[in-house]
Amino acid sequence: MKLKAFQKRKIFKRESRFFIKLAVFALIVALISTGVYFTYRAVDSKISKGNSIFNLKSKWKKYDYQAVYDISSAILYNKPFNIAARTYNGYAAFFLSVSKSDLTESLSYLDESINSLRIALQGARFGAVSQIEYMLGKAYFYKNYQSSYHYYADLAVEYLLKAKKDGYKPSNPENDDIPELLGMSYASLGMTSESISAFTLALNNSRKADFLLLSIAEQYHALSQDTVAEQYLFRISEECKDEQIVLKSRLLMGNIYLEREQYDEAEQEFNYILEKNENSADAIYGLGVIYEKRGDVVKARSEWRKALRIQNNHPLALKKMSEIK
């Protein structure tokens, strides 16, 4: 009996020590977990509210471009060659630029975007190069569009082609706007054949089919291939729901008829435009040319004066009025 009692006490002591150790271990784990949690919260709070790359990426995911711009600018003040900050600064400045209605403000952001992206490109990892080149090409495209002298189309083409060569692909293939941007940039450079090729490629991938059809027609007209241009204009008249694009296509068709000396057909096109928009200076100017060709200079001058009242710097109407004098 004594032996059994002794054995029971021994087992009880062993179990007690085990549970004590288990409790101590659980307490230590709880203390460590609590410490880690509060340390994480403190660090996370500091990082999330400060000028850090972590916070930068967090704001970028929320499309908060102003915050991304502000944080990246603060980082670059102390570390001007921080590539991540430069990249995000360039991206944010670009999106802020296209959102501004004031041209001076927009161009200021655009210049900063280009500067940051060019610096970022020098130290970017290979996987990020094509994305930066794409954004840089896009920034130059918009600078060319907004600038008075249009000296940037060649740089837009250069960087967009580099982006394609280095493997740039949008996450959604339907959002690939490189062919469209190239088409407009080539057109600005007077490279009509290249523009048509790019626009044709864009037409296969884009939901902006009507705009691209008009752009292709304009480029074929620039090449004096009006028969081909007409085919695209006919598609617009049959399929397009956008009235502004339809009116622009009718204006181009009217000008083609003028060049062919088909004055009745040209008059129909210009009158159609004026039924929809009585303030179309281009259509009014076109009617003036028709009257001039028919020998009625008085009516012609009357139409050109109307055009100038609507658009006082209309270059063709100004030229005609000076010639008549």
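See the structure printed just above.
Please read all numbers here as calculations on a predicted model, not as lab measurements. (Residues numbered from 1 in each chain as written. Predicted model: local features only at pLDDT ≥ 70, side-chain atom pairs only at ≥ 80, totals over all residues. Heavy atoms only, no water.)

Peer 1: Looking at this model, I keep getting lost on helix H7 (residues 153-165). Mind explaining?
Peer 2: Helical periodicity: at 3.6 residues per turn, an α-helix aligns residues three or four positions apart in one direction. With 13 residues, H7 ought to run about 18 Å at 1.5 Å a step, and its terminal C-alpha atoms sit 18 Å apart, in line with that. Among the residues making up H7, those that are buried are Ala153, Ala156, Val157, Tyr159, Leu160 and Ala163. Where H7 is buried, its residues contact helix H5 (103-123), helix H6 (126-146) and helix H8 (178-188). Positive phi appears at Gly167, one or two residues downstream of H7, with a value of about 95°. (Helix = DSSP H or I, 4+ residues; strand = E, 2+ residues; numbered from the N terminus. Expected span 1.5 Å × (residues − 1). Buried < 20%, exposed > 50% of the residue type's maximum accessible area, 1.4 Å probe, protein only. Contact = heavy atoms within 4.5 Å.)

Peer 1: What is the right way to read the environment of Phe211 from this model?
Peer 2: Mapped onto the elements of the fold, Phe211 is located in helix H10 (residues 209-222). For Phe211, a relative accessible area of 28% translates into the label partly exposed. Residues Phe211 and Phe199, spaced twelve residues apart in sequence, show a C-alpha to C-alpha distance of 9.8 Å. Those residues in contact with Phe211 that sit more than four places away from it in its chain are Glu180, Met184 and Ile245.

Peer 1: Can you help me understand the pattern of salt bridges in this one?
Peer 2: Should their charged atoms come close, side chains of opposite charge can pair. For the structure on display, the rule yields twelve salt bridges. Taking the shortest distance from any N to any O, the salt bridge between Asp177 and Lys138 comes out at 3.0 Å. Of this pair, Asp177 sits in the loop between H7 and H8 while Lys138 sits in helix H6; the two residues are 39 residues apart in sequence, bridging distant segments of the chain. Here Asp177 falls in the buried class, since its relative accessible area comes to 16%. Here Lys306 makes a salt bridge to Glu303, at a shortest N to O gap of 3.4 Å. (Salt bridge = Lys/Arg side-chain N within 4 Å of Asp/Glu carboxyl O.)

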